[in-house]
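Residue-level listing of the chains:
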Amino acid sequence: MRGTFIKTLVEIAEYDPRILLLTGDLGYMAVEPFAEKFKQRFFNVGVAEQNLIGLATGLAESGFIPFVYSIVPFAVLRPYEFIRNGPILQQLPIRIVGTGGGFEYGVNGASHYGLEDVGVLRIQPGITVIAPADYEQARTSLLVSWNLPGPVYYRLGKDDQTIVPGLSGQFEIGRVQHISNGTDLLMITMGSITSEAVKAVEALAKQGVSCALIVVASMNPAPNTDLIKVLSSFRIVLTVEAHYFVGGLGSLVSEVIAENSLPCRLVRCAVKTTPTGITGSQDYMLRLNSLKSEQLTAIALKEMQ
Amino acid sequence: MNIAKPLTINPFEIRRIIIEQSMRAHVGHIGSALSIADIIAVLYGSVLQIPNPDNPDRDRFILSKGHAALALYAALFLKGWLSEAELNTYCADGSLLGVHPECALKGIDFCSGSLGQGLPIGTGAALAAKLQRSLRRVYVLVSDAECNEGSLWEAVMFAAHHRLSNLVTVVDLNGQQALGYTNQVLDLSPLVQRWQAFGWDVHEVDGHNVEEMKKMITDLDTLSGLPHVLIARTVFGKGVSYMENQIKWHYWPMSEDEYRQAIEEINMA
């Protein structure tokens, strides 16, 4: 996603000189296309994420649209109060680009995981939060959001190969995207883990279970109207996310169910506990948290009983 | 700016407003505001080039030590950008004039109140001016205790590396912070050498000598070279004898008797 995102940003920057790219000394093999093409509009500010957001705040007030790039926890958690007091409270067009939502940084360990970013940002009313499911959706979501008046957070993955079949890059702020229809249960996903959900839905179909699948990439503003409509047709719903249980997609869906008295049962498939120090690949960490496709299939079948 | 011209803002007027409004609203942070009255008078009475607060090419000012906002509100009032009726809402329900500045208020460029955020933002604003080839300058007023914040030094390094000569920082060196004296809480010395070591053009100045400050700022080369910092030696609570250098006047509001004495001393100065 990040490669496609930066290439798309280059396209936008070619006709809008307000676009700048700032990095906190991260983005090797990702930010180069922009850095090489727009040498005067690219700044490696060093390992200083608070200053990264502060600089962007000052730049945005003067009329620029600064994109700031880092790995999810360094882009969001380290400078969180700067994000709140700067672009959010002052409604400035800063774009925070966090790479590596969930366990994408695998063996790098807990310090590099992004497990609470969506939660801590979507509680702030004044920021758009976008978590694309694949690189095509990363591109379209950037194309429709880069010029918004307020701040935007993009939670990106590193995978520039995998696509979610049926998504075709669709994205609309405040809406869900339908991947497949079904009648027995509903699966809702956020982010690159959608590809695991797709495989789970296919496996369920082979076992005679008709599972609908929708993607929520616009986490803030939340697609409440769409969710109410689709949730009303199902008795069982599974949310799937590489994020902690609290604050992310599962929390959003539970809010919609509770506030609208919808008669469906929610099963949240998410990260249960703080990482224990055990390391491994993204696949290993997803499996450890019962988030691989075969585990999602098993959870769905159990809930259907 | 024309150095021969007297300041259009009298620092004693700022002090009088600080005392009157603090009493009316029954709030503290009086000593911190009095500490910067002369610096604010120099900036708003001479230095800042602001045709009007909506002009995009105006100089920017960030009061990073936001808790002293009353001194800034006084300047906005004296400039005519804030009405007396608005000033009299200070700390009232529904007012835009809280203890810390909000950018929703005309004349406030950036919200502040969380220490350590003003200089990173000001550095971004200075970079923006350079990128836009504008001659506008950015002034950031920080407290000395704010130099405890690591984020301030992140910005200090960036500004020096990028030679942001259009950035002028003023450190209000009053030697006090919320719970004690800075040399007892977290020693800042040698502050001048620290800024110099980080690559800034450093000047020491009496933060209550308006002519000296005005001349010093006027003489800065803001077109090329290094970013500038004025280490302004000030007296916390300056102008009210019983507040000067007293820790309790960081938070304490005045009683009626204390108010009468304060206003008498301000008027007699």
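Up top you'll find the structure we're talking about.
First, a word on scope: everything that follows refers to the structure included in this document.

Calculation criteria
- Residues numbered from 1 in each chain as written.
- Chains lettered and ligands numbered in written order.
- Predicted model: local features only at pLDDT ≥ 70, side-chain atom pairs only at ≥ 80, totals over all residues.
- Heavy atoms only, no water.
- Helix = DSSP H or I, 4+ residues; strand = E, 2+ residues; numbered from the N terminus.
- Buried < 20%, exposed > 50% of the residue type's maximum accessible area, 1.4 Å probe, protein only.
- Contact = heavy atoms within 4.5 Å.
- Areas by Shrake-Rupley, 256 points an atom, 1.4 Å probe, with all protein chains shown as cover.
- Lys, Arg positive; Asp, Glu negative; His and termini not counted.
- Charge placed at Lys NZ, Arg CZ, Asp CG, Glu CD.
- Buried area = accessible area lost by both parts, 1.4 Å probe.
- Salt bridge = Lys/Arg side-chain N within 4 Å of Asp/Glu carboxyl O.
- Polar contact = N/O pair within 3.5 Å; in protein donor to acceptor, adjacent residues only side chain to side chain.
- Phe/Tyr/Trp six-rings, centres within 6.5 Å; stacked < 30°, edge-to-face > 60°.
- Pairing = 2+ DSSP bridges.
- Axes fitted to C-alpha atoms, helices over the stretch in contact; angles between N-to-C directions.
- Core = buried A, V, L, I, M, F, W, Y, C linked by side-chain atoms within 4.5 Å.
- Parallel < 35°, antiparallel > 145°, perpendicular 65-115°, else oblique.
- Left-handed = near helix turned anticlockwise from the far one by under 90°.
- Nonpolar A, V, L, I, M, F, W, Y, C, P; charged D, E, K, R; others polar.
- Patch = residues over 30% accessible without salt bridge, like charges linked within 9 Å, V, L, I, M, F, W, Y side chains within 5 Å.
- Arc of directions from axis to C-beta.

## Some remarks on the overall build of chain A
Consideration 1: Scanning chain A from N- to C-terminus turns up twelve helices and twelve strands.
Consideration 2: With the C-alpha coordinates of chain A rotated into their principal frame, the extents come out at 60 × 40 × 30 Å.
Consideration 3: Buried residues in chain A amount to 61% of all 305 residues.
Consideration 4: Of all intrachain contacts in chain A linking residues separated by at least 6 positions in sequence, the fraction that spans at least 24 positions is 77%.
Consideration 5: Of the roughly 11,500 Å² of accessible surface on chain A, a fraction of 53% belongs to carbon and sulfur atoms.
Consideration 6: Distance from the positive charge centre (24 side chains) to the negative charge centre (27 side chains) of chain A: 2 Å.

## Quick word on unusual backbone geometry
Consideration 1: Omega for the bond connecting A:N220 with A:P221 falls within 30 degrees of zero, at 5°, which places this linkage in the cis form.
Consideration 2: Along the chain, A:P221 turns up in the loop between β10 (218-220) and α9 (224-231).
Consideration 3: Of note in this structure, A:M29 is not a glycine but carries a positive phi near 65°.
Consideration 4: Following the sequence through the fold, A:M29 ends up in the loop between β1 (19-23) and α2 (32-37).
Consideration 5: Even without glycine at this site, B:C91 takes up a positive phi of about 65°.
Consideration 6: Turning to its location among the elements, B:C91 is positioned in the loop between α5 (84-87) and α6 (118-131).

## A word on the interface of chain B and chain A
Consideration 1: Listed per partner, the contact involves 24 residues of chain B and 20 residues of chain A.
Consideration 2: For the pair chain B and chain A, the two sides together bury roughly 1,900 Å², of which 61% comes from carbon and sulfur.
Consideration 3: Between A:E61 and B:R60 there is a salt bridge, with the nearest N and O atoms lying 2.8 Å from each other.
Consideration 4: Remark: the boundary between chain B and chain A carries ten residue pairs in polar contact (both at pLDDT 80 or more).
Consideration 5: Going through the elements one at a time, α6 and α7 (150-161) of chain B are the ones with two or more residues in the side of chain B that touches chain A.
Consideration 6: At eight residues, α6(B) tops the list of elements feeding residues into the side of chain B that touches chain A.

## Some words on the pattern of salt bridges
Consideration 1: Applying the stated criterion across every chain, the model contains 27 salt bridges over all chains.
Consideration 2: A salt bridge links A:R18 to A:D16, with the shortest nitrogen-to-oxygen separation between them at 2.8 Å.
Consideration 3: With a relative accessible area of 32%, A:R18 lands in the partly exposed category.
Consideration 4: If you follow the salt bridges from partner to partner, you end up with A:E61, B:R58, B:R60 and B:D109 in one network.

## Focus: the packing of aromatic side chains
Consideration 1: Following the criterion strictly, the structure yields 13 aromatic pairs over all chains and no others.
Consideration 2: Each ring, one from A:Y15 and one from A:W146, has its centre 6.2 Å from the other, and the planes form 80°; the classification is edge-to-face. You can see A:Y15 sitting in helix α1 (residues 2-15) and its partner A:W146 sitting in the loop between α7 (135-145) and β6 (152-156), a full 131 residues away along the chain.
Consideration 3: Put simply, the rings of B:W153, B:W195, B:F198 and B:W200 touch in pairs and so form one group of aromatic residues.

## A closer look at the sheet that holds strand β2 (residues 138-143) of chain B
Residues and elements named next belong to chain B.
Consideration 1: Pairing within the open sheet is parallel, and its five strands lie in the order β1-β2-β3-β7-β6. A strand with exactly one partner marks an edge of an open sheet, and here the two such strands are β1 (60-63) and β6 (201-206). Averaged over neighbouring strand pairs, the angle between their axes works out to 20° when direction is ignored.
Consideration 2: Alignment of β2 against strand β3 (residues 167-173), held across six bridges, turns out to be parallel. When the bridges of β3 are listed, V138 appears paired with L167.
Consideration 3: Helix α3 (residues 37-47) contacts β1, β2, β3 and β7 (228-233) of the sheet and is inclined by roughly 170° relative to β2.
Consideration 4: Against the sheet, helix α10 (residues 210-218) contacts β2, β6 and β7, and its axis sits at roughly 165° relative to β6.

## Describing the nonpolar core
Consideration 1: Counting 77 residues, the largest nonpolar core has A:I188, A:L231 and B:W195 as the members making the most contacts within it.
Consideration 2: For this core, the leading source of residues is α7(B), giving seven residues.
Consideration 3: Ignoring any residue separated from it by four or fewer positions in sequence, one finds B:W195 in contact with B:L119, B:C147, B:L152, B:W153, B:V156, B:T169, B:V171, B:W200, B:V202, B:V229 and B:I231.

## Regarding the packing of helix α1 (residues 11-25) of chain B against α3(B)
Residue and element names in this part refer to chain B.
Consideration 1: In contact at an axis separation of 8 Å, α1 and α3 are set at 125° when each is read in the N-to-C sense. With respect to their mutual orientation, α1 and α3 come out oblique. Every pair of crossing elements has a handedness; the one defined by α1 and α3 is right-handed. Seen from α1, the contacting residues are P11, I14 and R15; seen from α3, they are A37, D38, I40 and A41.
Consideration 2: Considered class by class, the residues forming the contact of α1 with α3 number five nonpolar, no polar and two charged.

## Quick word on a nonpolar patch on the surface
Consideration 1: Together, A:I278, A:Y284 and A:L288 line one region of the surface with nonpolar side chains, adding up to about 280 Å² of accessible area.
Consideration 2: By secondary structure assignment, the location of A:L288 is in helix α11 (residues 282-288).

## Quick notes on α10(B)
Residue and element names in this part refer to chain B.
Consideration 1: Within the span of α10, buried status applies to V210, M213, K214, M216 and I217. Down the axis of α10, the buried set is contained in an arc of 165°. They therefore lie on one face.
Consideration 2: Buried residues along α10 sit in contact with α1, α3, β2, β6 and β7.
Consideration 3: N-cap assignment for α10: the residue whose side-chain oxygen lies 3.3 Å from the backbone N of E211 is N209.

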